[in-house]
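Chains, contacts and geometry: an overview
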Amino acid sequence: MSKNIKLRKGLDIKLVGKAEAVLENTPMAKSYAVSPLDYENVTPKLLVKVGDKVEAGSALFFDKNNPRILFTSPVSGVVSAINRGEKRKLLNVAVEPDQVQVYKELPVVNVAKAERSEVIEMLLQSGLWTRIVERPYGVIANPEAKPKAIFVSAFDSAPLAPDYNFILKEERAAVEAGMAVLAKLTDGKVHLSARKGDEGYMAEVKGVEYHTFEGKHPAGNVGVQIHHIDRIAKGDIVWTVNIQDVAIIGRYATSGKLDMSKVVAVAGSEAQKPLYKRIISGAAIESVVGSVAAGVRIISGDVLTGVTTAADGYISANANVVTLIPEGDKYELLGWAMPRFHRFSVSRAYFSWLCPKKEYKLDTNLNGGERPFVVTGLYENYLPMDVYVSYLLKAILVGDLDKMENLGIYEVLPEDLALCEFVDPSKIDMQQIVRDGINLMIKES
Amino acid sequence: MGLRKFVDKIKPTFSEGGKLGFLHSTFEGFETFLYVPNTVTRKGSHVRDCNDIKRVMIVVVLALIPATLFGMYNVGHLAGEEGILPAFWYGFLETLPTIIVSYVTGLAIEFAFAQKRKHEINEGFLVTGLLIPLVMPVTIPLWIVALSTAFAVIIGKEVFGGTGMNVFNPALLARAFAFFAYTPQMSGEAVWYADGKTGATALEQLSTYTAGSELPYSVSDAFFGFMPGSLGETSTCAILIGAAILLFTGVASWRIMLSVFVGGLAFGYLFDAVGVTEYPAYYHLLVGGFAFGAVFMATDPVTSAQTNTGKWIYGFMVGALAVLIRVVNPAYPEGMMLSILFMNALAPLIDYFVVERNVARRKKLIKNVK
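Residues numbered from 1 in each chain as written. Chains lettered and ligands numbered in written order. Predicted model: local features only at pLDDT ≥ 70, side-chain atom pairs only at ≥ 80, totals over all residues.

Moving on, we come to the overall build of chain B. When its secondary structure is counted, chain B shows 16 helices and 1 strand. Every one of the 370 residues in chain B was classed for burial, and the buried ones make up 52%. (Helix = DSSP H or I, 4+ residues; strand = E, 2+ residues; numbered from the N terminus. Buried ≥ 20, exposed ≤ 12 C-beta atoms within 10 Å, placed from the backbone.)

Written out as structure tokens, the structure reads:
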């Protein structure tokens, strides 16, 4: 029984440089890293020091707030650096890989017969637990909590998003095994949502509640899907897992070996050859994108929600695409008064409505200065949820917890408001505001 | 790029710590006017829509141009100038001082506040500065313009925290200030057009209109604007061109615009039907400031209702109240200004109830689970 949900609101931003359906294997990178910054609200406590030998699956650090949550090395090798930023904040733990990979002996259970607690323990030990996201707030799932349901989105609708049907073409068994693991974790349902008309084998995955979605971005955002399938009310807890992580969990549950290899798309107007690459999670970005010219921004993730990555940095654990776009640190003479045919706008004050099929080469210029909230009724067109965006943001700005709760802070994550942020002529950093609001909620609860 | 080099060269002088550091915001205002800054995204979405508030505001100014140009021509036309160009030139010279005074006064205050608060200059006054002369009588003394503009910007906007925080539409507030503080210059029977020429506006004639007699101005004169009135309000036709620009670009809310006209028509018909008025309901939409208010004033996003449902209610009430004041209250032949200001004050309340319904839906969810 599948249900089709059609969303009218949203926007597909068409960008130059979509990854071609070609898969390339990359050689082992010089270095891999695990970063606590890829997760929200983690206070890392180190378990290794520079020079320690680790295996793939050895814990590198854990979360002080919840010591059961381990962060494990994706490769075997030697801890080569522990990078810290201001105030000795841990940025990442880097591992120089061995030529021949050694996998740590990790507990494996027969998922079909095992107790829920045994499955949880298996995921915690392997470090894969960190890949389970809890809503509200978008933090690592609390192993003591019981979610009312688990949601998986089988497609990504963001600009230049990777095509999971292509990435997971050969991984059907792993996806199904992963879904079986998730089914163990909740008494409720496991919801799987695919894009209508582009469903691949997802429709045939067993043991899940299957849905299809139609519409523009953010139809692929799991938060939007939750809103239309089974909304989060106060007191509810739901978990979400990225579909590629489901495959990784499935692979681990069947083989007992922590194989963190994954496929990422390399895309964007500055990518020399936009295609897919097989890598191991946490690889040095240089091994993924090669050498990158100056004036190009490397984004781990998509252009709306990804994180800027330095040329000597590492791919974020959350990224399934690396996007390369030009920096926009240039002045534009009287730009606001010009026709600007080469730029994209949802407003008909510009001309991009004339060529809806055109692919744009957008840079990182803010295209204006930050202003107070002025326009109304615009944001709601880009968030297919029953949420009054500007009211929620203003409640966050004044730190009114009751209002935040009433206006829907439990239902959104920064990524859900990314499109509103994109279209906003006042250039307000909405994702940061939402993140601040969530952190305030966590602090006060 | 010679210009860019020059701007870069003088930039340190105007930056904080520079010799003219106290003009920091002013310099920045001019610089960003000249060049879209080279700021890149640091947080959140890496790419941004190329639309910004400057563009939004300039679209509104563009939409005001037809009404402004026609208003200028009309001033000369009513003063008895023959031919289009001479009439326009006459009106242009007659109105230019008002426009300059409004912009200079308002922008000076805006710049001073921006500097004091250390934020960038907001573009909102580009629109307000043109709206003020458009809603004032042509012959208004310039010192009243300056005083009302200052009142509107300081008391109407800056005390609330500046653009985006104001409760009342600043341009209308300027008019209201002048209207109540300097009533003889603003209303009565003997003002409204150019030097030496006076006459009653259509609305004042309507208030004494009896059945069977001629309408004060023919429907076509009223639609095209060949009648006395404030500079921008007379030609419904020119205003509708502006409306088309605003609606097409999506800058103004079609919900508000439509519902203001619906509200005005509905109450117009109501009064016609019960026999309070004897002239056709649609005549309300053509005379006085109704169309101008509906298109340019009621749709101000900051002071109108912000939720879509709220916009319908707000717009309808603006139109309905305007006609109600016109017909029922003999002291104010024109109701549009007061009706919009009143609804500006009520808009947050309308939104409150709309948002509360959203909250109630969310709370109901909790009960369903338990």
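Another aspect to go through is the overall build of chain A. What chain A contains, in helices and strands, is 10 helices and 21 strands. Rg of the C-alpha trace for chain A: 21 Å, near the compact-globule value of 22 Å for 445 residues, within the 12% margin. Considering chain A as a whole, with its 445 residues, one finds that 55% of them fall into the buried category. (Rg over C-alpha atoms; globule rule 2.2 N^0.38 Å.)

Let us look at the packing of helix α7 (residues 389–397) of chain A against helix α10 (residues 430–444) of chain A. To describe two helices that pack against each other, one gives the angle between their axes and the distance between the axes. Residues and elements named next belong to chain A. At a minimum axis distance of 9 Å, the contact between α7 and α10 shows a crossing angle of 55 degrees. By the criterion of interaxial angle, the relationship of α7 to α10 is oblique. Considering only the axes of α7 and α10, their crossing is left-handed. Contact with α7, carried on its side by Leu-393, Ile-396 and Leu-397, involves Met-430, Ile-433, Val-434, Asp-436 and Gly-437 of α10 and no other residues of that element. (Axes fitted to C-alpha atoms, helices over the stretch in contact; angles between N-to-C directions. Parallel < 35°, antiparallel > 145°, perpendicular 65-115°, else oblique. Left-handed = near helix turned anticlockwise from the far one by under 90°. Contact = placed C-beta atoms within 7 Å.)

Moving on, we come to the sheet that holds strand β12 (residues 149–153) of chain A. Residue and element names in this part refer to chain A. Pairing is mixed in the open sheet, where 7 strands are placed in the order β1-β14-β13-β12-β15-β10-β11. Edge positions in the sheet fall to β1 (3–6) and β11 (139–140), since each has one partner strand and no second. Bridge analysis of β12 against strand β15 (residues 238–240) gives 3 bridges, and the strand direction is parallel. Paired with Ile-150 across the strands is Trp-239, a residue of β15. (Pairing = 2+ DSSP bridges.)

All names here are of chain B. It is at 9 Å that the axes of helix α12 (residues 254–273) and helix α14 (residues 290–297) come closest, and there the two elements cross at 155 degrees. If you check the angle between α12 and α14, you find them roughly antiparallel. Here α12 runs over α14; the crossing is right-handed. On the side of α12, the interface is formed by Met-257, Val-260, Phe-261 and Gly-264, while α14 contributes Phe-290, Ala-294 and Val-295. Residues belonging to the contact of α12 with α14 are distributed by class as follows: 6 nonpolar, 1 polar and no charged. (Nonpolar A, V, L, I, M, F, W, Y, C, P; charged D, E, K, R; others polar.)

Looking down a regular strand, the side chains alternate between one sheet face and the other. Residues and elements named next belong to chain A. With 3 bridges joining them, strand β3 (residues 32–34) and strand β9 (residues 90–97) adopt antiparallel strand pairing. Within β9, the residue paired with Tyr-32 across the bridge is Val-95. From the end of strand β8 (residues 77–84) to the start of β9, which pair antiparallel, there are 5 residues, and Lys-87 there has a positive phi angle of about 55 degrees.

Moving on, we come to the interface of chain A and chain B. Contacts between the two partners involve 63 residues from chain A and, on the opposite side, 50 residues from chain B. Mapped by element, the contributors of at least two residues to the side of chain A that touches chain B are β18 (296–300), β21 (332–333), α7, α8 (401–407), α9 (418–423) and α10 of chain A. It is α9 of chain A that provides the largest number of residues to the side of chain A that touches chain B, a total of 4 residues. When its residues are assigned to classes, the side of chain A that touches chain B shows 28 nonpolar, 19 polar and 16 charged. Judged from the 2 bridges that link them, β21 of chain A and strand β1 (residues 35–36) of chain B form a sheet pairing that is antiparallel. Within β1 of chain B, the position partnered with Leu-333 of chain A by the bridge is Tyr-35 of chain B.

Counting buried residues along β12 of chain A, 5 of its 5 residues qualify, which places the element largely inside the surrounding structure. Of the two faces of β12 of chain A, the one holding Ala-149, Phe-151 and Ser-153 of chain A and the one holding Ile-150 and Val-152 of chain A are both buried throughout.

Let's shift gears to unusual backbone geometry. All names here are of chain A. Of note, the amide linkage connecting Arg-135 to Pro-136 takes the cis form, showing an omega dihedral of 0 degrees. Within the fold, Pro-136 resides in the loop between β10 (133–135) and β11. Here the bond from His-217 into Pro-218 is cis, since omega is 10 degrees, no more than 30 degrees from zero. Mapped onto the fold, Pro-218 is located in the loop between β14 (209–214) and α4 (222–229). Located in the positive-phi region is Asn-367, a residue other than glycine, with phi close to 60 degrees. We classify Asn-367 as buried; it has 29 C-beta atoms within 10 Å. One non-glycine residue with positive phi stands out, namely Lys-427, at about 55 degrees. Looking at the element boundaries, Lys-427 is found in the loop between α9 and α10. Lys-427 gets classed as buried once you count the C-beta atoms within 10 Å, which come to 21.

Residue and element names in this part refer to chain B. Domain assignment breaks chain B into domain 1 (21–36 + 52–194 + 222–251) and domain 2 (253–370). With centres defined by C-alpha atoms, the gap from domain 1 to domain 2 works out at 23 Å. Across the boundary between the two partners, domain 1 contributes 25 residues, which contact 19 residues of domain 2. Secondary structure elements with two or more residues in the side of domain 1 that touches domain 2: α3 (53–78), α7 (170–181), α10 (219–224) and α11 (236–249). The dominant element in the side of domain 1 that touches domain 2, judged by the number of residues it contributes, is α11, at 6 residues. (Domains from an automatic or database assignment.)

A rise of 1.5 Å per residue sets the reference length of α10 of chain A, with its 15 residues, at 21 Å; its end C-alpha atoms lie 21 Å apart and thus fit the reference within 8%. The elements touched by buried residues of α10 of chain A are α7, α8 and α9 of chain A. (Expected span 1.5 Å × (residues − 1).)

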